[in-house]
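# Working through the structure, step by step
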Amino acid sequence: MSETAATSSKLWDLANPTRFVALVDRFVPWLALLSAIVLAAGLGLAFAAPEDYQQGITVRIMYIHVPFAWLSMMCYSIMALSSLGTLVWRHPLADVSVKSAAPIGAVFTLLALATGSIWGKPMWGTWWVWDARLTSVFVLFLMYLGIIALTRALDDPGKSARAAAIVTLVGFINIPIIKFSVDWWNTLHQPASVIRLDGPTIHSSMLWPLLICAVGFSLVFFTLHLMAMRTEIWRRRVSAMRKIAAREAGR
Amino acid sequence: MLALFLRDLRLGIRAGGGALVGVLFFLAVVAVVPFGVGPDLNLLARIGPAILWIGALLASLLGLDRLFQDDREDGTLDLLILSESRHMLALTVLVKCLAHWVAAVLPLVIASPLLGLFMNMEPLGIAATSLTLLVGTPAIAFIGAVGAAVAVALPRGGLLVSVLVLPLAIPVLIFGVSAAYGAVNDPNPFLPPFLILCALTMFFLVLGPLAAAMALKAGAD
Amino acid sequence: MRLIAEKLGGERGGEPVFDDINFQVEPGEGLIVTGANGSGKSTLLRIVAGLLPASSGAIRFEAADAEEFPSVAAASHYLGHGNAMKTALSVEENLKFWQEFHGSTHLGIDEAIEMVGLPEVASLPYGYLSTGQKRRISIAKLLVSYRPIWLLDEPTAGLDKASETQFAALMRAHLDDGGIIVAATHIPLGLEGVQHLTMTGQR
């Protein structure tokens, strides 16, 4: 999660959207290239990794399912941080960040749910069970959709920003619930095997491809997020210019 | 008429993500059921079609009260009524209902197979439920138009529309759910209730817009 | 073509607001309805348009071409308090819709917004416009489809002086074209040579 902190501190220096856009313009192509390389390496290693003696080929879904699930929570954490930025520091980019991260987070959550279902069908014999982990991730998905609807409910971005920030922060309760649901409740979903106090229980031949995949997808996320923020800033500029045009028409 | 359909469709999709909110409500309603009845997969599979139908019914009632309200507030409704000699008002209402259905209810129907999976329903049951929803939900929109037209002049018509429409929508619910059950439970038939559902939709397709048009004309003030 | 009111009476919410209103308007003639607030100007216009039933008397409409204009409603543009425009759509989309819905295409969209002096706003969302600009676009709606009768309820509400003059010229052109205008207003519209009807209300 150190990348999260790095990004948000960088955003903090960039109060000026114009400078932010200029920087994104310079950064994004390289970031996209880097994420493509890391992701290709990660997926390549994932296919080269040994098959699980119990799960067979289906274990390969793990290499994308786990990063999607992590990202769905990381994206929400970034949104929660940005919401703090909106409410506490009134940072002009914070609300842009929330608005543009929500659809990306929703897609990652949906992908996590979908890949999990595809994994669960042969393993558990059903597409879906209402266990604590799955349900809490589904709730996360609903919250993403709710925030998307809220940020788009009003034409004026300033008005919906604070409401969306408050909802995002309240919904943050769900993140620790998702993380610890496998420990607190007796669930069908397996317990954590990578991020544990006593070290990962997963074999290193699987751990490394998984970690590289996770980094790769995180880079994809940051690329998309920065691009979406830039688009949103542009969209707001267009809207502001059209308002000025309307004011000056017919004079 | 095509112009009206396209305009309403555009408004439904553009104005504040209305379609998204409907789907979201549908997802939320269906998602709370397992918390209420417990996560027993066999039970969920059995009540699945009913839950999907009730969820879709409630979600499709959501935006109904706005069907004519916005048009009334900005004066569009007056002009629609005045154009009666060119475009029969009942047809205008029908077109508005169809646009509402495509923008707000069709997404629910598309989302319903996914929710069927959550309910642990078998593929045949999911297909049957989605099909009955596709055929049955337009009837709810047509009945809803009557409620919306009656309540258009009321300041807080929203809840009233739901109260007026729900009892009338019960037959649709009954035949929709029994057709969906008929597809999976062997002794029960699928086709007869399904055909009755189709007939109900056709019936309300005529009756709903006619009654709504009368109510709108009477309610102009 | 002729628009005639005979002993017209109207009520609002069950209360009579006026009765015994008589007028006759011929092609090329305007009728300006004035009167205090609550004297029933809007009610009169809505009765003429056919949105409300008359409590007594009748509106008669004699058209040369009864095929095309079977009723006052069919022959009229009604400009009420609302602008009948959607804020989420662009100006052009709004006007295009009304042109297609009303039929009888008259002026082009671009030409019509040129006539009301707002050629720059075509692609902007209607919601971005100011009150006066919105009203002017609503007036442009009268121009994109042809109707011989214009029923105008406080047409100049929210307009500035220059736009009022512009609108007066548009009304004049419509009258010279053989049209009919019935306008309810409390501000002089700057229209010469028209009939006046003062509503006194029910005593």
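Throughout this description, residue numbers start from 1 for each chain and increase along the sequence as written. Each chain takes a letter, starting from A, and each ligand takes a number, starting from 1, following the order in which they are written. In keeping with the predicted nature of the model, local features appear solely for residues at pLDDT of at least 70, side-chain atom pairs appear and are counted solely at 80 or more, and the whole-chain, interface and lining totals rest on all residues. The basis for the side-chain values is all heavy atoms of the structure; hydrogens and waters are excluded.

Let us now look at the overall build of chain B. When you go through chain B residue by residue, the secondary structure sums to 9 helices and 0 strands. Every helix listed is a DSSP run of H or I at least four residues long, and every strand listed is a run of E at least two residues long, numbered separately from the N terminus. Reading the helices (α) and strands (β) of chain B from amino to carboxyl end gives α-α-α-α-α-α-α-α-α. Here the C-alpha atoms of chain B give a radius of gyration of 18 Å, agreeing with the 17 Å that 2.2 N^0.38 yields for 221 residues. With respect to the three principal axes, the spread of C-alpha positions in chain B is 55 × 35 × 30 Å. Counting over 221 residues, chain B shows a buried share of 54%. For this analysis, residues touch if any pair of their heavy atoms sits within 4.5 Å. A separation threshold of at least 6 residues defines the contact pool for chain B, and within that pool the share at least 24 residues apart is 80%. Here the radius of gyration uses the C-alpha set of atoms, whereas the globule reference equals 2.2 Å times the residue count to the power 0.38. Relative accessibility under 20% of the residue-type maximum defines a buried residue, over 50% an exposed one, and the middle range a partly exposed one, all with a 1.4 Å probe and only protein chains included.

Take the sheet that holds strand S2 (residues 15-25) of chain C next. Residue and element names in this part refer to chain C. Any two strands are treated as partners once DSSP identifies two or more bridges connecting them. Spatial strand order, S2-S1-S4: 3 strands in an open sheet with antiparallel pairing. Looking at which strands have only one partner, the edges of the open sheet turn out to be S2 and strand S4 (56-62). With strand direction ignored, the average angle separating the axes of adjacent strands in the sheet is 15°. One ladder, built from 7 bridges, connects strand S1 (residues 2-12) with S2; its direction is antiparallel. Every axis corresponds to a line fitted to the C-alpha atoms, with the helix fit spanning only the stretch in contact, and the corresponding angles, defined between N-to-C directions, vary from 0 to 180 degrees.

Relative to the helices and strands, phenylalanine 194 of chain B resides in helix H9 (residues 191-219). The residues touching phenylalanine 194 of chain B, leaving out its near neighbours within four places in the chain, are Leu131, Thr132, Val135 and Ala179 of chain B.

UniProt positions are given in the numbering used here, feature names are shortened, and annotations may be inferred rather than shown by experiment. Using the residue numbers shown here, the UniProt feature "transmembrane region" (unreviewed entry) corresponds to residues 12-35, 47-68, 89-111, 131-152, 159-184 and 190-216 of chain B. Its end C-alpha atoms 32 Å apart, residues 131-152 of chain B is made of 91% helix and 0% strand.

With 24 residues of chain B in contact, the opposing surface of chain C contributes 26 residues. Summed over both partners, the accessible surface that disappears when two parts come together, traced with a 1.4 Å probe, is what is meant by buried area. Note on chain B versus chain C: buried area summed over both sides is about 2300 Å², and carbon and sulfur give 62% of it. For this analysis, a salt bridge means a side-chain nitrogen from Lys or Arg found within 4 Å of a carboxyl oxygen belonging to Asp or Glu. Summed over the shared surface of chain B and chain C, the number is 4 salt bridges. Between aspartate 74 of chain B and lysine 86 of chain C there is a salt bridge; the shortest N-O distance is 2.9 Å. Those elements that place two or more of their residues in the side of chain B that touches chain C are helix H1 (2-14), helix H4 (66-73) and helix H5 (76-82) of chain B.

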